[in-house]
Amino acid sequence: MSTSNSSSSNNNNNGHNITPPHDGGAAGPDEKPRLTEEEKKQNHIASEQKRRQAIREGFDRLTDLVPGLEGQGRSEGLVLKRTVEFMRQQLEERRAMVDRIERSGGHVDDELKK
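Residues numbered from 1 in each chain as written. Predicted model: local features only at pLDDT ≥ 70, side-chain atom pairs only at ≥ 80, totals over all residues. Heavy atoms only, no water.

Where we set the bar: UniProt positions are given in the numbering used here, feature names are shortened, and annotations may be inferred rather than shown by experiment.
For the protein chain, an unreviewed UniProt entry supplies the name BHLH domain-containing protein and the organism Hirsutella minnesotensis 3608. Taken verbatim from the UniProt record of the protein chain, the Subcellular location (unreviewed entry) comment is "Nucleus".

**As for helix H1 (residues 37-65)**
Residues spaced three or four apart along an α-helix face the same direction, because each turn holds 3.6 residues. Rules: The secondary structure listing takes helices from DSSP runs of H or I that are at least 4 residues long and strands from runs of E that are at least 2 residues long, numbered from the N terminus. Multiplying one less than the number of residues by 1.5 Å gives the expected span of a helix. A 1.4 Å probe rolled over the protein chains alone gives each residue an accessible area, and that area as a share of the maximum for its type sets the label: buried under 20%, exposed over 50%, partly exposed in between. Contact definition: two residues touch when any of their heavy atoms are within 4.5 Å.
Across its 29 residues, H1 extends 42 Å between first and last C-alpha, which sits within 8% of the 42 Å expected from 1.5 Å per residue. Residues of H1 that are buried: Gly58, Phe59 and Thr63. Taken together, the buried residues of H1 touch helix H2 (76-103).

**Considering the packing of H1 against H2**
Threshold: Inter-axis angles, ranging from 0 to 180 degrees, are taken between N-to-C directions of lines fitted to C-alpha atoms, where helices are fitted over the stretch in contact. What sets the label is the angle itself: under 35 degrees gives roughly parallel, over 145 gives roughly antiparallel, 65 to 115 gives roughly perpendicular, and the rest give oblique. We call a crossing left-handed when the near helix sits turned anticlockwise from the far one by less than a right angle, and right-handed when that turn is clockwise. Each residue is assigned to one of three groups, with Ala, Val, Leu, Ile, Met, Phe, Trp, Tyr, Cys and Pro labelled nonpolar, Asp, Glu, Lys and Arg labelled charged, and all others, Gly among them, labelled polar.
Two elements in contact, H1 and H2, have axes separated by 10 Å at closest approach and are oriented at 45°. Relative to H2, the element H1 is oriented oblique. In this structure, H1 meets H2 at a crossing whose hand is left-handed. Judged by residue contacts, Ile55, Phe59, Leu62, Thr63 and Leu65 of H1 engage Glu76, Val79, Leu80, Thr83 and Phe86 from H2. For the contact of H1 with H2, a count of residues per class yields seven nonpolar, two polar and one charged.

**Some points on the side chain of threonine 63**
We apply this condition: Distance and chemistry together define a polar contact, namely a pair of N or O atoms within 3.5 Å, with one atom able to donate a hydrogen and the other to accept it when in protein, and with adjacent residues in sequence counting only for side-chain atoms on both sides.
Along the chain, threonine 63 turns up in helix H1. Within polar-contact distance, the side chain of threonine 63 engages the backbone oxygen of aspartate 60 at 2.7 Å. Not counting residues up to four positions away in its chain, the partners in contact with threonine 63 are Leu69, Glu70, Arg74 and Val79.

**Considerations on the pattern of salt bridges**
We count it as follows: Criterion for a salt bridge: a side-chain nitrogen of Lys or Arg within 4 Å of a carboxyl oxygen of Asp or Glu.
Tallying each qualifying case throughout the model produces four salt bridges. A salt bridge links arginine 52 to glutamate 48, with the nearest nitrogen and oxygen atoms 3.1 Å apart. Of the two residues, arginine 52 and glutamate 48 are both situated in helix H1; the distance of four residues between them amounts to about one turn of the helix. Judged by its relative accessible area of 48%, arginine 52 is partly exposed. For glutamate 48, a relative accessible area of 23% translates into the label partly exposed. A salt bridge links glutamate 92 to arginine 95, with the nearest nitrogen and oxygen atoms 3.6 Å apart. Placement of the pair is glutamate 92 and arginine 95 together in helix H2, with a separation of three residues, close to one helical turn. On the basis of relative accessibility, which here comes to 45%, the residue arginine 95 falls in the partly exposed class.

Right, dumping it as structure tokens:
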């Protein structure tokens, strides 16, 4: 049989040495080990890069969808301003179309009038 020979490892009933978690906490067998400060920092940097990339891709999609934004230097303020103008124009055209259909005797579902 083995005997306990250090304070950093413990001997259980099966004769196997068990080393406590590096942080001294009571992490169970199903718990993940805690991240180091450097790992936390790298995760934060990666998350921020992913968030910024998603924003860039969203603005790229808007420049593809909104007329007049193709091939322009991308000022995010300009993209948002032109997108709002375009959406307002589209909504007004939709309202006018619904009015024309109803004036000519057609029926437009209430869901489509919103």
